[in-house]
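Results of the structural survey
Each chain, written out:
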Amino acid sequence: MGESGKMTAWDNRGVAHSCAIALGSNLGDSHTTLENALKTLAQTPGMILQAVSSWYVTKAVGPPQPDYLNGCALLSVRMNPEGLLETLLAIEAKFGRVRREPWGPRTLDLDLLLFDDLILDTPQLQIPHPRMRERAFVLVPLAEIAPEWVEPVSGHAIAQLVQALDCSGVRRL
């Protein structure tokens, strides 16, 4: 806890938390951007990159725009969820992310999907990610690296959730 009584971004109890994030890009050289974003994540203090899925080409959701390159990663972090979100947003900005329109094209999108078995709903952050169960472009790569992880709201493993979706628009690169 910080002096104000709020938990600081760093988990000063030394507890490592398991997290899952989704990565996506559809502007510029998406493959290079995503690979460099993974390197940045791996070099971030308080964060260990545990596993990375394959990359998948997917149709964009939202306004007309190029296809996306998507994947997922598992992290071990020594920070709280809000601190992790701040870190992810800072990495997006480093790679030129500009938020112009909802679901618009982007150089880099990093979404916090799961944080241990935490269920959190604040104006700034919802965990699990509120739309992950509906999105094959998230669940297909996540099932590749964390099939047994139980999504805490539904109580179903990722491998079960992906079976309920039409995954025809998700193609491994």
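Up top is the structure these notes are about.
I will try to describe carefully the structure that is included in this document. (Residues numbered from 1 in each chain as written. Predicted model: local features only at pLDDT ≥ 70, side-chain atom pairs only at ≥ 80, totals over all residues. Heavy atoms only, no water.)

Details of the overall build of the chain
Looking only at helices and strands, the chain has 4 helices and 10 strands in total. The secondary structure elements of the chain, listed N-terminal to C-terminal, are β-α-β-β-β-α-β-β-β-α-β-β-α-β. Looking at the chain residue by residue over its 173 residues, the buried ones come to 47%. Considering only contacts within the chain whose residues lie at least 6 apart along the sequence, 67% involve residues at least 24 apart. About 8,900 Å² of surface is accessible on the chain, with carbon and sulfur atoms providing 54% of the total. (Helix = DSSP H or I, 4+ residues; strand = E, 2+ residues; numbered from the N terminus. Buried < 20%, exposed > 50% of the residue type's maximum accessible area, 1.4 Å probe, protein only. Contact = heavy atoms within 4.5 Å. Areas by Shrake-Rupley, 256 points an atom, 1.4 Å probe, with all protein chains shown as cover.)

Section: helix α1 (residues 30-43)
Between its first and last C-alpha atoms α1 spans 20 Å; for 14 residues at 1.5 Å apiece the expected length is 20 Å, and the two agree. Looking at the buried residues of α1, the elements they touch are β1 (17-25), β2 (47-52), β4 (68-77) and α2 (81-94). (Expected span 1.5 Å × (residues − 1).)

Some words on helix α3 (residues 136-145)
Note that an α-helix has 3.6 residues per turn; residues three or four places apart therefore point the same way. Taken across its 10 residues, α3 has 9 buried, putting it largely inside the fold. Listed in full, the buried residues belonging to α3 are Ala136, Phe137, Val138, Leu139, Val140, Pro141, Leu142, Ala143 and Ile145.

Describing unusual backbone geometry
Trans is the common state for peptide bonds, and a negative phi is the common state for residues other than glycine. Looking along the chain, the bond that leaves Ile127 and enters Pro128 is cis, with omega of -5°. Looking at the element boundaries, Pro128 is found in the loop between β7 (126-127) and α3. Of note, Asp116 is a non-glycine position whose phi angle comes to about 50°, a positive value. Here Asp116 falls in the partly exposed class, since its relative accessible area comes to 27%.

Observations regarding the side chain of Thr44
Within the fold, Thr44 resides in the loop between α1 and β2. When near neighbours in sequence (up to four residues on either side) are disregarded, Thr44 contacts Thr87 and Ile91.

Things to note about the pattern of salt bridges
Tallied over the entire structure, the rule returns 4 salt bridges. Of the charged contacts, one joins Arg106 and Asp109 as a salt bridge, the two residues approaching to 3.2 Å between their closest N and O atoms. With respect to class, Arg106 is no different from Asp109; both count as buried. (Salt bridge = Lys/Arg side-chain N within 4 Å of Asp/Glu carboxyl O.)

Here we look at the pairing of β4
Where burial is concerned, most of β4 is hidden: 10 out of the 10 residues are buried. Here β4 shows two buried faces, one formed by Tyr68, Asn70, Cys72, Leu74 and Ser76 and the other by Leu69, Gly71, Ala73, Leu75 and Val77. Two strands pair when backbone bridges link them, and β1 and β4 are joined in this way by 9 bridges, in the antiparallel orientation. Bridge pairing in β4 links Ala22 to Cys72. Where β2 and β4 come together, 5 bridges link them in antiparallel fashion. In the strand pairing of β4, Val52 is matched with Ala73. For strand β3 (residues 56-58) and β4, the ladder comprises 3 bridges, and the chain directions are antiparallel. Note that in β4 the partner of Tyr56 across the bridge is Asn70. (Pairing = 2+ DSSP bridges.)

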